[in-house]
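# Topology and contacts: notes
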Amino acid sequence: MSFAPREGEKVMMTEDCAEDKLRSGVLILTSKRLLFQKTEGRMATFSKKEGEIVLDIPLESISAFKPEGFLVKKFVITVGEKTYKFGVFSNGKWDKLMKQAKAA
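A brief look at the structure comes next. (Residues numbered from 1 in each chain as written. Predicted model: local features only at pLDDT ≥ 70, side-chain atom pairs only at ≥ 80, totals over all residues. Heavy atoms only, no water.)

What follows deals with the side chain of glutamate 19. Mapped onto the elements, glutamate 19 comes out in strand S1 (residues 11-19). No salt bridge forms around the buried glutamate 19; measuring N to O, its nearest opposite-charge neighbour lysine 21 is 5.6 Å away. From its side chain, glutamate 19 meets the backbone nitrogen of leucine 22 in a polar contact 2.8 Å long. One polar contact links the side chain of glutamate 19 to the main-chain amide nitrogen of lysine 85, over a distance of 2.9 Å. (Helix = DSSP H or I, 4+ residues; strand = E, 2+ residues; numbered from the N terminus. Buried < 20%, exposed > 50% of the residue type's maximum accessible area, 1.4 Å probe, protein only. Lys, Arg positive; Asp, Glu negative; His and termini not counted. Salt bridge = Lys/Arg side-chain N within 4 Å of Asp/Glu carboxyl O. Polar contact = N/O pair within 3.5 Å; in protein donor to acceptor, adjacent residues only side chain to side chain.)

So, about the packing of aromatic side chains. The final tally for this structure, using the stated rule, is four aromatic pairs. Ring geometry for phenylalanine 36 and phenylalanine 86: centres 5.4 Å apart, planes at 45°, overall tilted. Here the residue phenylalanine 36 occupies a position in strand S3 (residues 33-42), and phenylalanine 86 occupies one in strand S7 (residues 82-87), the gap between them amounting to 50 residues. Like phenylalanine 86, phenylalanine 36 is buried. These aromatic residues form a ring-pair network of at least three members: Phe36, Tyr84 and Phe86. (Phe/Tyr/Trp six-rings, centres within 6.5 Å; stacked < 30°, edge-to-face > 60°.)

Shown next as C-alpha cells:
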C-alpha cells in the first residue's frame, strides 16, 4: 500500500471495500483520520492497482458513524452534509475501532 501514516499516527485497520458512489478501494482508519484510496482491479491477473486517495477525513470532522445492515453490511459515516456508505466485512469491528479512535 502506498499510503504512509503521518508522524505519530497509527494505522488501526484497513480493508478492501466499496463505497456506494466512489466504487472500489481500500478503507483506512488511523488514530487521526479516515481515508479511502481508490483501486482498479484487473480480472486477467487478479491484481489491483492502487489509485489516488479520494477521502482524507480528520476524525474530528466525522459527526456520526454507525454499522448498518445484516446481510449486506455497511459502515456509514457522516461528514457535514455528506454521507458515505462503505461495504465492509465486519461493520461492528469498524464501529468499535472508530469509537476507540475518536475517544483517544
